[in-house]
Amino acid sequence: MKKVLIILSVLLVIGWGVFHYSNAAAAQRASTRVQELEGENAELKEKLDNIQSLVAEARSDLDDVETDVQSDEPCEDTRAYSDASDVEIKLNEIESEASY
């Protein structure tokens, strides 16, 4: 009977150790995953900031185009043609950045 109690005690201690080890390993995996997600989030935030900046520049160029087109001067003699090209370039950059 004494041996059975000793064996049960040893098994209980081993089971307790395995349980806590598995909990610690799971916590470590979760912590690693959180760090990975934080890194990915930072990258996505940077890309979003880049896209927002490009959109703001494109809007500004588009406003310039609209202003120039509404003037009495021919489009080729104003910055409208150049600004329209700038808008197209920025929109292509936005599309490229967003595709990542």
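One structure accompanies this document, and this report is about it. (Residues numbered from 1 in each chain as written. Predicted model: local features only at pLDDT ≥ 70, side-chain atom pairs only at ≥ 80, totals over all residues. Heavy atoms only, no water.)

## Remarks on the overall build of the protein chain
What the protein chain contains, in helices and strands, is two helices and zero strands. Accessible surface, the protein chain: about 8,300 Å² in total, of which carbon and sulfur atoms supply 59%. (Helix = DSSP H or I, 4+ residues; strand = E, 2+ residues; numbered from the N terminus. Areas by Shrake-Rupley, 256 points an atom, 1.4 Å probe, with all protein chains shown as cover.)

## Some words on the pattern of salt bridges
A full pass over the atoms with the stated rule returns two salt bridges. Measuring nitrogen to oxygen at the nearest pair gives 3.4 Å for the salt bridge that ties Lys-45 to Asp-49. Of this pair, Lys-45 and Asp-49 both sit in helix 1 (residues 2–70), four residues apart, which is roughly one turn of the helix. (Salt bridge = Lys/Arg side-chain N within 4 Å of Asp/Glu carboxyl O.)

## Structural notes on a nonpolar patch on the surface
On the surface, Met-1, Val-4, Leu-5, Ile-6, Ile-7, Leu-8, Val-10, Leu-11, Ile-14 and Val-18 cluster together into a nonpolar patch covering about 1,000 Å² of accessible area. Examined against the element boundaries, Met-1 turns out to sit in the segment before helix 1. Taking the relative accessible area as the measure of exposure, Met-1 reaches 78% and is therefore exposed. (Patch = residues over 30% accessible without salt bridge, like charges linked within 9 Å, V, L, I, M, F, W, Y side chains within 5 Å. Buried < 20%, exposed > 50% of the residue type's maximum accessible area, 1.4 Å probe, protein only.)

## Brief notes about the environment of Arg-59
Mapped onto the secondary structure, Arg-59 falls in helix 1. The class for Arg-59 is exposed, based on a relative accessible area of 58%. The spacing of Arg-59 and Val-87 is 28 residues in sequence and 7.8 Å in space, taken between C-alpha atoms.

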